[in-house]
Amino acid sequence: MTNNNPQTREWQALSNDHHLAPFSDFKQLKEKGPRIITSAKGVYLWDSEGNKILDGMAGLWCVAIGYGRDELADAASKQMRELPYYNLFFQTAHPPVLELAKAIADIAPEGMNHVFFTGSGSEGNDTMLRMVRHYWAIKGQPQKKVIISRKNGYHGSTVAGASLGGMTYMHEQGDLPIPGIVHIAQPYWFAEGGDMTPEEFGVWAANQLEEKILEIGVDNVGAFIAEPIQGAGGVIIPPDTYWPRIKEILAKYDILFVADEVICGFGRTGEWFGSDFYDLKPDMMTIAKGLTSGYIPMGGLIVRDEVVAVLNEGGDFNHGFTYSGHPVAAAVALENIRIMRDEKIIDRVHEETAPYLQSRLRELSDHPLVGEVRGVGLLGAIELVQDKATRKRYEGRGVGMICRTFCFENGLIMRAVGDTMIIAPPLVITKAEIDELVTKARKCLDLTLSALQA
Ligand SMILES: *Cc1c(COP(=O)(O)O)cnc(C)c1O
């Protein structure tokens, strides 16, 4: 990394001396120093060295409408002057949260008209866990507690979120998962499909849900939670047979279904929600990220009317956050949704940029390092392999990390999940910017291949 700006070193020293960064190796970060991002506009970031970087990840999947939209800053500023804070506890409310709840109900799948707000996606899933158990207790079935989740799913980093998630490297720290959460196989054909066709594997993976329900006993299972498309796990697009089979199983057993829409929600698939894309009928949907385009923290849980009808009979729900439905966050989210609607951003993803990105990305399939290119909407994954036919990896070479470093150095942010390169650019990315993304990605694949051969 070039280091021409003396201020970069000052900031890195501050990091070294005082900051503990999330999902980082503290010691390694001290040695290398973080890259300092100082400004952003549209789909581009600038670092403190003046490098312009195409953000192929929309931050952490969240900057849906792109960076630098003054309307969101203005909405926040206006709300801060009018009512910077008030809570929603003890039978109070304020206009922005009520207007936002209505705006979300308007775009949510039919019959999902109520929202419980939180400060993040993790808190949304913590809320979900407590609400699911509360729901069954009200119905006189307090033993229906177990939540079934999936290996390599991501549901956040709080104790419940990390437990619901299926990341073993997270479970290893802090004695997780907590009791009452179990995991089934993920529909990740490329890595785990073996000799099955994707269609066969999709049915097999879905059947794991039924087997788990029967093993635990349906009387003990409260809910199944899943991302429509696993994001942090590596943009895992389930085989076409997966969701239809899951839906059959859910129809057969009396358990709740929670769609974690934190990534898929707010347009990522070219529909408002991933549940629209796959025609799922969830009872609850966790939201965050695109809700505010990341400009300010906010999450929530959208709840189906029938579930709310039961909760209405349960007295106090003894759960809430100081910042639940924060007025400034609500004002920003409202403006974000208004922009998405008025500028028809999701229509454009659906009709124009998603098909274009998907076809351009697939051109990379001919690259010797690439075992598969897959994607939906503005989500994409590129599998890096040693042998295309057998899907064999370069064991122990850290190929994904090598590629990610080349990307950074060449002005592109792509994330590496093991040896899977993933992208999720802002929804406002243009065709010309997609061309730039794909050109840079190919260059970095070439550089990675040369590095492996050297
Ligand atoms: C990011 C994410 C979360 C957690 O959201 P935070 O706001 O980081 O707490 C939960 N679920 C999914 C699918 C996510 O991608």
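Just so it is clear, the structure is predicted and the values come from calculations on it, not from any experiment.

Attention now goes to empty space enclosed by the protein. Counted according to the given criterion, the structure contains one cavity of 30 Å³ or more. There is about 40 Å³ of room inside the largest cavity. Around the largest cavity, the lining residues are Trp61, Cys62, Ala64, Ile263, Gly265, Phe266, Arg268, Gly290 and Leu427. Of the residues belonging to the lining of the largest cavity, the class tally is six nonpolar, two polar and one charged. Domain assignment of the residues forming the lining of the largest cavity places at least three in each of domain 1 (35-65 + 344-453) and domain 2 (70-342).

Before going further, it helps to examine the site of the ligand. In the vicinity of the ligand, the contacting residues are Ser120, Gly121, Ser122, Asn125, Tyr154, His155, Gly156, Glu227, Asp260, Val262, Ile263 and Lys289. Contact distances for the ligand include 2.9 Å between an oxygen atom and a backbone N or O atom of Gly121. Interatomic distance of 2.5 Å between a side-chain N/O atom of Ser122 and an oxygen atom of the ligand. With three residues, the single largest contributor to the shell around the ligand is helix α6 (residues 121-138).

Right, let's get into the packing of helix α10 (residues 198-216) against helix α11 (residues 242-252). Between α10 and α11, the least distance of the axes is 8 Å, while the angle of their chain directions is 20°. When the interaxial angle is binned, α10 and α11 end up roughly parallel. Here the hand of the crossing between α10 and α11 comes out right-handed. Across from Gly202, Val203, Ala205, Ala206, Asn207, Leu209, Glu210 and Ile213 in α10, the residues of α11 making contact are Tyr242, Arg245, Ile246, Ile249, Leu250 and Lys252. Grouping the amino acids of the contact of α10 with α11 by side-chain chemistry returns nine nonpolar, two polar and three charged.

The omega torsion of the bond from Leu176 to Pro177 falls at 0°, within 30 degrees of zero and hence cis. Note that Pro177 resides in the loop between α8 (168-171) and β6 (181-184). Positioned with a positive phi, Ala58 is a non-glycine residue whose angle comes to about 45°. Examined against the element boundaries, Ala58 turns out to sit in helix α3 (residues 58-61). One non-glycine residue, Asp279, adopts positive backbone phi at about 50°. By the element assignment, Asp279 lies in the loop between α12 (274-277) and β9 (284-287). Judged by its relative accessible area of 40%, Asp279 is partly exposed.

The rules we used
- Residues numbered from 1 in each chain as written.
- Predicted model: local features only at pLDDT ≥ 70, side-chain atom pairs only at ≥ 80, totals over all residues.
- Heavy atoms only, no water.
- 1 Å grid on protein atoms, 1.4 Å probe; cavity = no way out; pocket = protein on both sides within 12 Å on 5 of 7 lines; lining within 4 Å.
- Points joined across faces, edges and corners; volume = space filled by probe spheres on them.
- Nonpolar A, V, L, I, M, F, W, Y, C, P; charged D, E, K, R; others polar.
- Domains from an automatic or database assignment.
- Near = heavy atom within 4 Å.
- Polar contact = N/O pair within 3.5 Å; in protein donor to acceptor, adjacent residues only side chain to side chain.
- Helix = DSSP H or I, 4+ residues; strand = E, 2+ residues; numbered from the N terminus.
- Axes fitted to C-alpha atoms, helices over the stretch in contact; angles between N-to-C directions.
- Parallel < 35°, antiparallel > 145°, perpendicular 65-115°, else oblique.
- Left-handed = near helix turned anticlockwise from the far one by under 90°.
- Contact = heavy atoms within 4.5 Å.
- Buried < 20%, exposed > 50% of the residue type's maximum accessible area, 1.4 Å probe, protein only.

Keep in mind these numbers describe shape, not what the thing actually does.
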